[in-house]
Every structure is written in C-alpha cells, then in structure tokens.
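Descriptive structure summary
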Amino acid sequence: MVFRSKIKWIALFVLVLSLASLLLHLSIAKSSSVSLVYYTQMASMLNTSIIGGRGYRSKKLWGAVKPLASLQPYTNSRSNYHAPSEQSNGFIYAKVFGGFANIRSSICDLVAIARLLNATLVLPEIQESTRAKGISDRFKSFSYLYNEEQFISYLKNDVLVMKSLPDNLKTSRKRNEFPIFKPKSSASPSYYLQKVLPSLKSAKVIGLVLYDGGCLQSTLPSGMSELQRLRCRVAFHALNFRPEVQMLGKKIVQRLRAWGQPFLAFHPGLIRDILAYHGCAELFQDVHTELIQYRRAQMIKKGIIREELSVDSRKQRDNGACPLMPEEVGVLLRAMGYPPKTIVYVAGSETFGGQRLLIPLRAMFNNLVDHTSFCSEEELASIFGPETTLPLDFYRPPPSKSEQQLKDEWNKAGPRPRPLPPPPDRPIYRHEKEGWYGWITETDKEPDPSPMDMRLQAHRLLLDALDYMVCLEADAFFPGFNNDGSSWPDFSSLVMGQRLYESSSSRTYRPDRKFLATVLNITRDNLYHPMHNWTHTVQEHLNKSLGEEGLIKQAIFSKPTSFLSHPLPECFCRLSSGGEASVHLVKQKDKTVYGDEEKCPDWMSDGQQIESLDSAEEGDNKWDEEIESSEQAESNYDSGKSYLDNLIDQDEEMDPND
C-alpha cells in the first residue's frame, strides 16, 4: 500500500510538472510569435536576395544617375534680401481646402505672398482637420500635420509668422468684417500688388480662401527669383511633420531597410477627382464608373471642366491623360529587369478601385507592401491621438405603422378589387447602406460626408505624410501619375521635386505616359507576335527619363503648373565640372529650361566636389559589396548566430519612443 501511494504521488508530480512545462512553452511561443514571423520573412527574403545575387543589387537598377551628381541644393538668398520689416502692412489669415498635396503647395504660396506684401502671416487653417469632429484636442489645424515651432523659427528671417490673430481682431474676424479673397492657383504677383495690397493697408487684416492647391502662379518673372527660392525653403526645410509622424515614418524606413535589400516606392495616382477630371471612367467597371461620372458631372456644374460628360477614356489614355494602371506598371518594371522578389512599397492613402486593382501587380511582385505592413494599429493610433468615439452610422428603417394607420390607408386606397399587398422586404444588410454603395443604389444624389467620413479624410493627411517620408527615402521611385496639366498639385510630382532637390542623382523615373501607352498598345495588338525589341524600347525610355532628358521634359510639361515639382534651376547650384565639358543650355520659347545653374560657392565646393561626383560610382559598387556581406551572413546563419538574429535583436532593443 505504501508503495502504491508513492507511485500515485510521483505520477501526480510528473503530471503537474508536465502541465507547468506546457504552459511555459505556450507563453514563450505566444510572446515570440511576432518575432518568429518577422524572422521567417527576413530569412526567406535574405536567402532569395543571396540566391538572386547581382540581379537584386544590380547597379543598372539601383545605382545613382551620374550626369546629375553635380547638381546641389542651394536655396540661400543670393541678392539684397533683407529680413522682413517689423512694421508690416497687416495680417493675412487663410483657410486651406484640399488634400495633402494641395495643402503643402498652398502653404508655400502663402509664405511667398506674405513676403511679397510685407505682411504678417497667421498660421493657415487646414480645413480637413478643423472640420473633422472629435479628433485629438492636442493637434488642431496646422499642428495636426506640421510642426508649428519649426515652421515659425525657420522662417523668422523671411516672414513674420504668428500662431493666431491678436485678441482685439478675433471678434471682428468672426463677424466677417475683414475683406476675403479667393485667388486661383494661377494668380499673378500683379493681382496681389494691385488688388489685395490696398485692401490690406486699409483694413490691416485680410483673409484668403484657397481651393485649388495654391494661390500664386508657378513661374514668376526673372526678377522674383528670391521668391522662388523662398518657396523651396518653405517646402524642403520649414515644413516638417510633427514629431510623432516623423518618428513613425523613420521606423517604417528602418523596418524596410532591415530586409537587407533596396526597395522601390510606387504611387498609383488613382484618385477619384483626377480620374473624373480627365475622363478616365471607362477604365473601370460597373459602380466605379458611375462614381467617377458623378464626380465629373459635379465638376462640369461648378465650371471646373468645360467639356462633355462622356468622353472616350481609351483615347484619353492614349494621349497620356490617365494614370498608368498597376498591372501596366508591373509589366514596365519587369521589362526593366526588376525581379519578382523586389520590394515594392505602394504609397498613397487613396487608391480608387481598392485592392482589387493591385492584384495583378501583387502577382508580379510578391513583396508588395504598404504602411499597414510595417505599422501596427496601435502605432497608427498613436499619431492620430486620443479621439472621441463617434456613433456608428447604422441604417435606420422607417418607423413602423400602427394597425389603425394601416386600416386608414386601406380604407383610403381607392376602389376594389385591389391587388394583394407585396411580400415583406428582405432584410437590409449594413454593408448595403454604408459608403458609396448605399447611396448610389438608392439615390442619384451623393450625400454629404458623415462625421466618420470627415475624420477619415483627416487621417488620410497623416497617412500620406508617412508615405511621403518613405518615398523620399526609397532607392527608386516610380509615379503612376504626374504632370497632369490640371494645375492641381499631385503627390507624385511633389515627391519627384523633393527627391530632385535632396538627392539629384537618386533614381526617380519620369515616364512619358503617352509614349508608354503607344508601346503597351503594341503588345495588345500583337499579343502572340510581339516585337522583339519591345523590352529594349521600354528600358531605353525609362533610363533616359532618369537623367537630363527626363528633367527637360519635366521642366516643359510640369513646371508651368507646379513649381515645387521641378525647382530647377532657381533652388540649385552646380559643382564645377573640372575637366569635363560644360553643360549645354536647353531653351524652350526663349526660356532656359536646363543648364542655367550658378556655380556653387567655394564653401560648398571645397571637399564636396569629389565626393558628389564619386557618390554615383560608390552607389553602384555599394550593392556589389553587400553581396559579399550577404554571403558572409549566410555562413553565419548556418553556424548559429546569424545576421538575421542581429537585426531582430536590434529591433527588439529599439526604444519605442525614439
């Protein structure tokens, strides 16, 4: 009996020990699941990059553009440009409507106008954030997207900036006692000097309402080159995102870099307003076509478009007016030689048509990612800040009728016999009454945006800011749509302008959509007998778009409508070429579009000329050097502590507040 009792106690002890071990292993597995997934992805990614060898790190795909290496950013004033006078002519306050690109361009124009009129600028109000209900109280209007203190301090030698109007003027503003102007994006300096300045001097305060993504024409007279440089200082130095957004944007870039290979950023440019403006509805199907046409009808009614409602979308596409579809971009990138394992980062908070349009591109590139691939919901919520909960917009059926009401309707229904009452309706599901599907199936009039819609529009500003930072840091950038000629600033053009400014030799593709449409049509017309030199034609065109030829076309087509998309030559200088041939001037309609840069000052040239000219070659060799390090990492991976382990350890040790 004693022996049996001992066996029972031993068995019970073993059972408890096994249960404790099982719970311990489950807790360890749960806590490390994220790291294991990350580890697996990193391992597969690095192994494929090692197997791919030079294909993934080819200098033909990722190397710097040598002909543009001598261009250097230089926005310092170069003439008699004094600090603003303390005795200003008055105050300018502004309301800015529109999305991310419109806001950024409008603010740059506002600063230039304030300098032109010698006025004190009040921080503009971003209407996408002020109209949103229940967003975080910590960030209001301008500070919802940008850093107020950085903006004011950087421009102290250019323009006097205040956070708000003085208290004695706020009440008068609420009563609309000050003159308000609604300038167009093509307004000339003479418009402000002749019409706005007299009102500013008499009233001491004026208001500007901006809808078109700007309030000053893109190209200014030659005598106003300092205003152009001021625009560059605002866009590329003063307009910094608030710290929380910058922190998360840097984390996304770090996590992308941790994969161990370069990445390409792609912005589809599929935005409903752009598609409606250019008549690209027939490129889509069913309800999406109706949505685009509805928006186009609104633009025609407001006078934005002076064309017919129905246009031939195929003809518009062949003329280069419509964005490149994602599957077309995938074909072009594969023709360039980018392998299927290339990391393609899809930017932009709005892709009209949804993820369905990205399926062909995802089939061609397995590593198609966006900000949701590298950010948790908690990290995204941190940049939005604490927000009040909005009630869900459930569908509310009409109130039920009482028996007496039904009897009265029956008695008043007219002579008998009458048909039987219809059968009861099927239940109405929530997804049938929410968003665009609900209203377009029930009514011809689009309803006003709900409180949740306004909040999501404000969130899109922050998501676009994250994508903007990633696109600037990408090893290559490919726009699906830019240079549209509508005078509206677009996301891709702003990215291309700042990439040109910060690193002229970076790989920024500037495709000609009209030419590419012709090339793509050749493959459709000769599906089974394609041209043998088709791939070579695509490669030649896109490679030329990276260099001087692409910049010249950008200056001709894009700069007249958006200066920030091509701030060359006003915001640049050029390092002396030494023994190389001088840069040839390229003129168009008596205007120099390329090669008119001044020589960089000595303090910039000393020690930087060789570095800048050699940076392209170093960039070409960088990927070849990393192949050797990757091979070494593979051997370390087999021996125990791998390169991947180091990356994971670094990510775990990273302070979340950094």
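Every value quoted in this text rests on a predicted model; they were computed, and no experiment measured them. (Residues numbered from 1 in each chain as written. Predicted model: local features only at pLDDT ≥ 70, side-chain atom pairs only at ≥ 80, totals over all residues. Heavy atoms only, no water.)

**Some points on the pattern of salt bridges**
Inspection of the entire model under this criterion finds 24 salt bridges. Across the pair D109 and R231 runs a salt bridge, and its minimum N-O distance is 3.1 Å. Taken together, the residues span a long stretch of sequence, with D109 in helix α4 (residues 100–116) and R231 in helix α9 (residues 225–238) at a distance of 122 residues. Here the two residues D109 and R231 agree in accessibility, since each one is buried. Where salt bridges share partners, they join R272, D273, R295 and E446 into one cluster. (Salt bridge = Lys/Arg side-chain N within 4 Å of Asp/Glu carboxyl O. Helix = DSSP H or I, 4+ residues; strand = E, 2+ residues; numbered from the N terminus. Buried < 20%, exposed > 50% of the residue type's maximum accessible area, 1.4 Å probe, protein only.)

**Brief notes about the packing of helix α10 (residues 243–257) against helix α16 (residues 377–384)**
Where α10 contacts α16, the two axes come as close as 9 Å, and the packing angle between them is 155 degrees. The orientation of α10 relative to α16 falls into the category roughly antiparallel. Seen along the crossing, α10 lies across α16 with a hand that is left-handed. Contacts between α10 and α16 involve E244, V245, L248, K251 and R255 from the former and E379, L380 and I383 from the latter. Across the contact of α10 with α16, the residue classes break down as 4 nonpolar, no polar and 4 charged. (Axes fitted to C-alpha atoms, helices over the stretch in contact; angles between N-to-C directions. Parallel < 35°, antiparallel > 145°, perpendicular 65-115°, else oblique. Left-handed = near helix turned anticlockwise from the far one by under 90°. Contact = heavy atoms within 4.5 Å. Nonpolar A, V, L, I, M, F, W, Y, C, P; charged D, E, K, R; others polar.)

**Thoughts on the pairing of strand β15 (residues 591–594)**
As judged from the 3 bridges shared by strand β14 (residues 586–588) and β15, these two strands associate in the antiparallel manner. Within the sheet, the bridge partner assigned to V586 lies in β15 and is Y594. Two successive antiparallel strands, β14 and β15, enclose a turn made up of 2 residues, where K589 displays a positive phi of approximately 55 degrees. (Pairing = 2+ DSSP bridges.)

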